[in-house]
Amino acid sequence: MSTEEKKPLEKVCIICAKGSLEDVYATLVMANGAVMEGIETNVFFTFFGLDGITKERLNSLHTATTGNPAMRMPGGLPFPTMLGGLPGVEAGVSKMMRNQMEELDIPPVDEFLEMITAGGGTIYACKLAVDMFKLEKEDLHEEVDSIITIGDFYGLCDGDRTQIIFT
């Protein structure tokens, strides 16, 4: 048994680089959990993760139905990858996922962003990705604090009780 004193986590820096429904929600759930635990929370959205903070897309994210070996149909049967390519399947699966989250009272993306910042968390957009996708600050949700470089974000992640999480 270890006698070493536990040092609680003081800060998390979460990087969201994917824009699927499940990837953005993984980021939001972890960030909100950290805020609720009183942990300093910085969230950095980059590349396709920007969809999670882009006004016109954040509440209509999709679940990838092809190339996802963990995808299951109702009842637990494996979801055939071939079905995922059929027109309307991805939209239907995404709607089903959103409905299931709503039944569990999981808030939509925009509300989650508001909860995180209301709890003291900070949301950032990646300058490189914003420039690459030709976005402006006005295209992003109001809860986005600023557009920064990855170097700036790493500067926010200092401290020996800091965890960087990449989703």
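Everything that follows concerns the structure shown earlier in this document.
Everything numeric in this text was worked out from a predicted model, so none of it was measured.

Some words on the overall build of the protein
Inference 1: Counting its secondary structure elements, the protein contains 6 helices and 5 strands.
Inference 2: Of the regular secondary structure in the protein, the N- to C-terminal order runs β-α-β-α-α-α-β-α-β-α-β.
Inference 3: In terms of overall dimensions, the protein has C-alpha extents of about 50 × 50 × 25 Å along its principal axes.
Inference 4: Split into buried and exposed, the 167 residues of the protein put 38% on the buried side.
Inference 5: Relative to all contacts within the protein whose residues are 6 or more apart in sequence, the contacts with residues 24 or more apart total 71%.
Inference 6: Element-wise, carbon and sulfur atoms account for 57% of the exposed surface of the protein, whose accessible area totals about 9,700 Å².
Inference 7: Averaged over its 13 positive side-chain charges, the protein has a centre that lies 5 Å from the centre of its 26 negative ones.

Description of the packing of helix H1 (residues 21-36) against helix H4 (residues 109-118)
Inference 1: Orientation of H1 relative to H4, taken along the N-to-C sense of each, is 25°, at an axis distance of 9 Å. It follows that H1 is roughly parallel to H4 by the angle criterion. By crossing handedness, the relation of H1 to H4 is classed as left-handed. Two secondary-structure elements touch here, H1 through Val24, Tyr25, Leu28, Val29, Ala31, Asn32 and Val35 and H4 through Val109, Phe112, Leu113, Met115 and Ile116.
Inference 2: Considering only residue class, the contact of H1 with H4 consists of 11 nonpolar, 1 polar and no charged.

What about the environment of proline 74?
Inference 1: For proline 74, the position within the fold is in the loop between strand E2 (40-45) and helix H2 (81-84).
Inference 2: As for proline 74 and threonine 27, which are separated by 47 residues in sequence, their C-alpha atoms are 25 Å apart.

Parameters at a glance
- Residues numbered from 1 in each chain as written.
- Predicted model: local features only at pLDDT ≥ 70, side-chain atom pairs only at ≥ 80, totals over all residues.
- Heavy atoms only, no water.
- Helix = DSSP H or I, 4+ residues; strand = E, 2+ residues; numbered from the N terminus.
- Buried < 20%, exposed > 50% of the residue type's maximum accessible area, 1.4 Å probe, protein only.
- Contact = heavy atoms within 4.5 Å.
- Areas by Shrake-Rupley, 256 points an atom, 1.4 Å probe, with all protein chains shown as cover.
- Lys, Arg positive; Asp, Glu negative; His and termini not counted.
- Charge placed at Lys NZ, Arg CZ, Asp CG, Glu CD.
- Axes fitted to C-alpha atoms, helices over the stretch in contact; angles between N-to-C directions.
- Parallel < 35°, antiparallel > 145°, perpendicular 65-115°, else oblique.
- Left-handed = near helix turned anticlockwise from the far one by under 90°.
- Nonpolar A, V, L, I, M, F, W, Y, C, P; charged D, E, K, R; others polar.

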